[in-house]
Amino acid sequence: MKKPVVGVFGVSGCAGCMLTMLYEDAFKQLSNFLDLRSFPLIKEDKYTGDFDYVFIEGTVCSDEDIMKLNEIRKRTKKVVAIGSCAALGGVPSAKNFLDQEKVMKLVYPKTNQLKSTLPQPISMHIKVDYSLPQCPPDKKEILEFIQCILTGREFKPYENPVCFECRKKGNKCLLDEGKLCLGPITNGGCNALCPSNKTTCYGCRGPLKEANLKAFINLLKEKGFTKKELHDKMRTFAGLGFGELEEENKTSRWLEN
Ligand code: SF4
Ligand code: SF4
Ligand code: SF4
């Protein structure tokens, strides 16, 4: 059987997604069955041919990122966004909700020559075939995806809320302890990683398809949480991921009422 030609690339990211792949022994074993042509952390990128699959991490933060994505897309059959940055915008997307001038002045002494580009998920620039969000991404999910590539099975994303896995594990609900947990509106698949370690869910796997945000907001209002607390949490790791859900449900208005 011909090995699938695979590449791993990053736009503006922290390399954490790529490291997650590298530090997994099972990935090293599975990569023997892949024709791995490009992976910035382990080999020079001299390959100029086409790919069957490309994994991309990071947020789109510059014109160079956009050019790189378009070039990869032209040469690739299936593009896979790995991590919350590539799939949802991730942590760098915080800039979308802040004063651009103030943000630039925090980092650079002179800003008159700078062009401010708003960070966005890669799907806002190229067609994405599969998304594996989480920060950092889930090793097991990446391996399962690669097994699907190798066996010709279609990859099926997980489609239950984080609460489903959390309850199954018998965890005590953090909302009952007065902590704002996004589990009810977040797509699971991480085995309720954060609540199982007594930390609230920040929604890094993005919104649940059928999330009932209205019911969740009513619950939060009853518990005394504010609009700002909800928005800050939804935007911390998911970036722009909850944007559509917020828009559809007019979260700002409901929380103000
Ligand atoms: S998703 Fe997390 S680990 Fe991956 S590039 Fe973004 S910040 Fe880094
Ligand atoms: S702790 Fe969070 S994820 Fe777990 S059941 Fe409560 S709201 Fe859901
Ligand atoms: S519990 Fe929430 S924040 Fe933690 S890994 Fe899962 S989806 Fe991400």
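As the structure is a computational prediction, the values presented were derived from the model and not from experiment.

(A) Up close: the site of ligand 1. Ligand 1 sits among C14, G16, C17, E57, G83, S84, C85, C135 and P136. Residue assignment for the shell around ligand 1 shows that the elements contributing at least two residues are α1 (16-22) and α4 (83-88). The greatest single-element share of the shell around ligand 1, amounting to 3 residues, is contributed by α4. Tallied by class, residues from the shell around ligand 1 come to 5 nonpolar, 3 polar and 1 charged.

(B) Quick peek at the site of ligand 2. Neighbouring ligand 2 are the residues V162, C163, C166, C173, L174, L175, C181, G183, P184 and P195. When residues of the shell around ligand 2 are assigned to their parent elements, the largest contribution, 3 residues, is made by helix α7 (residues 162-168). In terms of residue class, the shell around ligand 2 is built from 9 nonpolar, 1 polar and no charged.

(C) Seen up close, the sheet that holds strand β4 (residues 76-82). A sheet is described by the order of its strands in space; here 5 strands give the open sequence β2-β1-β3-β4-β5, paired in parallel fashion. The open sheet terminates on both sides in strands that have one partner only, identified here as β2 (35-38) and β5 (130-132). Strand-to-strand twist of the sheet, defined as the mean angle between neighbouring strand axes without regard to direction, takes the value 25°. Pairing geometry for strand β1 (residues 5-10) and strand β3 (residues 51-57), over 5 bridges, is parallel. What sits directly across from G7, in β3, is V54. Packing of helix α3 (residues 63-74) onto the sheet brings it into contact with β1, β3 and β4, and relative to β4 it is tilted by some 135°. Helix α6 (residues 139-151) contacts β3, β4 and β5 of the sheet and is inclined by roughly 170° relative to β3.

Basis of the calculations
- Residues numbered from 1 in each chain as written.
- Chains lettered and ligands numbered in written order.
- Predicted model: local features only at pLDDT ≥ 70, side-chain atom pairs only at ≥ 80, totals over all residues.
- Heavy atoms only, no water.
- Near = heavy atom within 4 Å.
- Helix = DSSP H or I, 4+ residues; strand = E, 2+ residues; numbered from the N terminus.
- Nonpolar A, V, L, I, M, F, W, Y, C, P; charged D, E, K, R; others polar.
- Pairing = 2+ DSSP bridges.
- Axes fitted to C-alpha atoms, helices over the stretch in contact; angles between N-to-C directions.
- Contact = heavy atoms within 4.5 Å.

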